[in-house]
Amino acid sequence: QVQLVESGGGLVQSGGSLRLSCAASGEDFRIYALGWYRQAPGKQRELVASISTGAVTKYANSVKGRFTISRDDAKSTVTLQMNSLKPEDTAVYYCVAARAPLLLSTDYWGQGTQVSVSS
């Protein structure tokens, strides 16, 4: 099992950038697939990015080309670099993990961090 804590959220102007970080503790981080979900009021939960234990990445079409997910297994962290932010990106962002090579389930969740993008 792992515990996940997000940080880095905040308020940014449209076109700006934010870098979200997720720190993990507990079981060996290297055996977990990781990802970032977001949830906005009145909208469906969306998996915006995932990264496998082998560092293969996938992105939602809505963020492709703007967001980058990465992992540092030595530091037990996963990050989401968000560039060219749009008001539509406003949401609570959650770090998620699955004890599997690919993020086909979401066994563990962080508390979430708010990202707000002004127009």
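Everything numeric here is computed off the predicted structure, so don't read it as measured data.

A.B. asks: How should I be thinking about the nonpolar core in this particular structure?
C.D. replies: One broad rule of soluble globular proteins: the nonpolar side chains tend to lie buried together. Residues Trp36, Val78, Leu80, Met82 and Tyr93 are the most contacted members of the largest nonpolar core, which totals 29 residues. When residues of this core are traced back to their parent elements, those giving at least two are strand 1 (2–7), strand 3 (18–26), strand 4 (33–39), strand 5 (46–51), strand 7 (67–72), strand 8 (77–82), strand 9 (91–98) and strand 11 (113–118). For Met82, the residues in contact, after removing those within four places along its chain, are Gly16, Ser17, Leu18, Leu20, Arg66, Phe67, Tyr93 and Val115. Judged by nonpolar contacts, the second largest core, of 5 residues, contains Ala33, Tyr37, Val96 and Ala98.

A.B. asks: Could you clarify how one ought to interpret the pattern of salt bridges in this entry?
C.D. replies: Close approach of charged atoms lets side chains of opposite charge pair. In total, this model carries 6 salt bridges according to the counting rule given. Residue Asp89 is joined to Arg38 by a salt bridge in which the shortest nitrogen-to-oxygen separation is 2.9 Å. In this pair, Asp89 sits in the loop between strand 8 and strand 9 while Arg38 sits in strand 4, placing the two residues 51 residues apart along the sequence. Like Arg38, Asp89 is buried. For Asp73, the salt bridge identified is with Arg71, shortest N-O distance 2.8 Å. We classify Arg71 as buried; its relative accessible area is 15%. Each of Arg38, Glu46, Arg66 and Asp89 takes part in a single network of salt bridges with overlapping partners.

The rules we used
- Residues numbered from 1 in each chain as written.
- Predicted model: local features only at pLDDT ≥ 70, side-chain atom pairs only at ≥ 80, totals over all residues.
- Heavy atoms only, no water.
- Core = buried A, V, L, I, M, F, W, Y, C linked by side-chain atoms within 4.5 Å.
- Buried < 20%, exposed > 50% of the residue type's maximum accessible area, 1.4 Å probe, protein only.
- Helix = DSSP H or I, 4+ residues; strand = E, 2+ residues; numbered from the N terminus.
- Contact = heavy atoms within 4.5 Å.
- Salt bridge = Lys/Arg side-chain N within 4 Å of Asp/Glu carboxyl O.

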